[in-house]
Amino acid sequence: MESNQTTLEGQAETPGLWLSNRWLSAVTGMAGLGKTVMVMALIVGGICSFSSLYVQYYIWSTRLMPDRDFFLFEDYNWLYVFNTLSILALIYLYFRSILEGYKAFSLFQLSSSNDEALLEGQERLGKMFTWLCWWAGAYVILTAFEYLFHYA
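Residues numbered from 1 in each chain as written. Predicted model: local features only at pLDDT ≥ 70, side-chain atom pairs only at ≥ 80, totals over all residues. Heavy atoms only, no water.

Q: Quick question: what am I supposed to make of the confidence of the model for the protein here?
A: Parts of the model with low pLDDT should not have their predicted coordinates read in detail. Summarising the model, the protein shows a mean pLDDT of 76, and 77% of its residues fall at 70 or more. Of all helices and strands in the protein, the one with the weakest mean pLDDT is helix 1 (residues 2–13) (50), whereas helix 3 (residues 77–110) scores best (85). Note on residues 12–16: pLDDT is under 50 here. Beyond four places in sequence and across chains, it has 0 contacts. (pLDDT = per-residue confidence, 0-100. Helix = DSSP H or I, 4+ residues; strand = E, 2+ residues; numbered from the N terminus. Contact = heavy atoms within 4.5 Å.)

Here is the structure:
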């Protein structure tokens, strides 16, 4: 009975959060893998984002010829304005999630010496998934809208 009480007193005296070594090594290992995946996602997302921006630039350069007038509700111009703004919003959501993920994984690298960095990294990881869910939801809605408008 006495050794049990000594163990509880020893745990109460240690400052900070007590973590098992197994969980800490798993999180540190995930941080290395996560940074690699994050760089790949950043490259793929950047290529997709900038290619879609180039397509929008090409569309606008052909629609805004010097001899043509631009009216918003004529010849589906409002749809092209909406597409451009929605692509910019999707790029913002995607890169915001990448930024939160980078902050989370950099905090995970510090977690071997700091328990608060591990908790902050877990919170940032949740924010990253929240931004990715917003991005994915907006992408699906915009794709469905485009499909219904063009092919229905």
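Structure shown, so let's carry the discussion forward.
Q: Got a minute to help me understand helix 4 (residues 115–151) in this structure?
A: Residues that lie three or four places apart on an α-helix share one face, since the helix turns once every 3.6 residues. Look at helix 4: 54 Å from first C-alpha to last across 37 residues, which is about the 54 Å you get at 1.5 Å a residue. Residues of helix 4 that are buried: A117, L118, G121, R124, L125, M128 and L142. (Expected span 1.5 Å × (residues − 1). Buried < 20%, exposed > 50% of the residue type's maximum accessible area, 1.4 Å probe, protein only.)

Q: Can you walk me through the nonpolar core in this structure?
A: In globular proteins that are soluble, nonpolar side chains generally tend to be buried together. The biggest cluster of nonpolar side chains holds 9 residues, and these are M38, Y94, I98, A104, F105, F108, L118, L125 and M128. Counting residues per element, the ones that place at least two in this core are helix 3 and helix 4. By residue number, the principal contributor to this core is helix 3, which donates 5 residues. (Core = buried A, V, L, I, M, F, W, Y, C linked by side-chain atoms within 4.5 Å.)

Q: How should the side chain of E100 be read in this particular structure?
A: Position of E100 among the secondary structure elements: in helix 3. Excluding anything up to four places from it in sequence, E100 contacts R124, K127, M128 and W131.

Q: What is the right way to read the pattern of salt bridges from this model?
A: Any two side chains of opposite charge can pair, given that their charged atoms come close. Scanning the entire structure with this criterion turns up 3 salt bridges. A salt bridge links R124 to E120; the shortest N-O distance between them is 3.6 Å. Placement of the pair is R124 and E120 together in helix 4, with a separation of 4 residues, close to one helical turn. Judged by relative accessible area, which is 19%, R124 ranks as buried. Judged by relative accessible area, which is 30%, E120 ranks as partly exposed. The network of salt bridges with shared partners includes R96, E100, E120 and R124. (Salt bridge = Lys/Arg side-chain N within 4 Å of Asp/Glu carboxyl O.)

Q: So what exactly am I meant to see when it comes to the packing of aromatic side chains here?
A: Aromatic ring pairs are defined here through the distance separating the ring centres and the angle between the ring planes. According to the stated counting rule, one finds 6 aromatic pairs in the structure shown. Relative to Y57, the ring of Y54 lies with its centre 6.4 Å away and its plane at 40°, an arrangement referred to as tilted. Here Y54 and its partner Y57 are both found in helix 2 (residues 21–63), 3 residues apart, which amounts to about one turn of the helix. Exposure class is identical for Y54 and Y57. Each is exposed. When the ring of Y94 is compared with that of W135, the centres are 5.4 Å apart and the planes differ by 50°; the resulting orientation is tilted. (Phe/Tyr/Trp six-rings, centres within 6.5 Å; stacked < 30°, edge-to-face > 60°.)

Q: In this structure, what is going on with the layout of surface pockets? I would like to understand it.
A: A water-sized probe, rolled over the atoms, reveals where empty space remains. For the largest pocket, the calculated volume is near 300 Å³. If you trace the largest pocket, you find 14 residues lining it, with N83, S86, I87, Y139 and E146 closest to the centre. Of the volumes computed, that of the second largest pocket is approximately 240 Å³. The element contributing the most residues to the lining of the second largest pocket is helix 2, with 5 residues. Tallied by class, residues from the lining of the second largest pocket come to 8 nonpolar, 3 polar and no charged. (1 Å grid on protein atoms, 1.4 Å probe; cavity = no way out; pocket = protein on both sides within 12 Å on 5 of 7 lines; lining within 4 Å. Points joined across faces, edges and corners; volume = space filled by probe spheres on them. Nonpolar A, V, L, I, M, F, W, Y, C, P; charged D, E, K, R; others polar.)

Q: Just to check I follow, could you spell out the environment of R63 for this structure?
A: Tracing the sequence through the fold places R63 in helix 2. Among the residues examined, R63 registers a relative accessible area of 12% and is labelled buried. Linking R63 and Y80, residues 17 residues apart in sequence, is a C-alpha distance of 9.6 Å.

Q: Looking at this structure, how should I read a nonpolar patch on the surface?
A: A cluster of nonpolar side chains, namely F73, Y76, W78, F82, F145 and F149, defines an oily patch on the protein surface of about 630 Å² accessible area. Taken together, the elements giving at least two residues each to the nonpolar patch come down to helix 3 and helix 4. Position of Y76 relative to the elements: it lies in the loop between helix 2 and helix 3. Y76 sits in the partly exposed class, given a relative accessible area of 48%. (Patch = residues over 30% accessible without salt bridge, like charges linked within 9 Å, V, L, I, M, F, W, Y side chains within 5 Å. Areas by Shrake-Rupley, 256 points an atom, 1.4 Å probe, with all protein chains shown as cover.)

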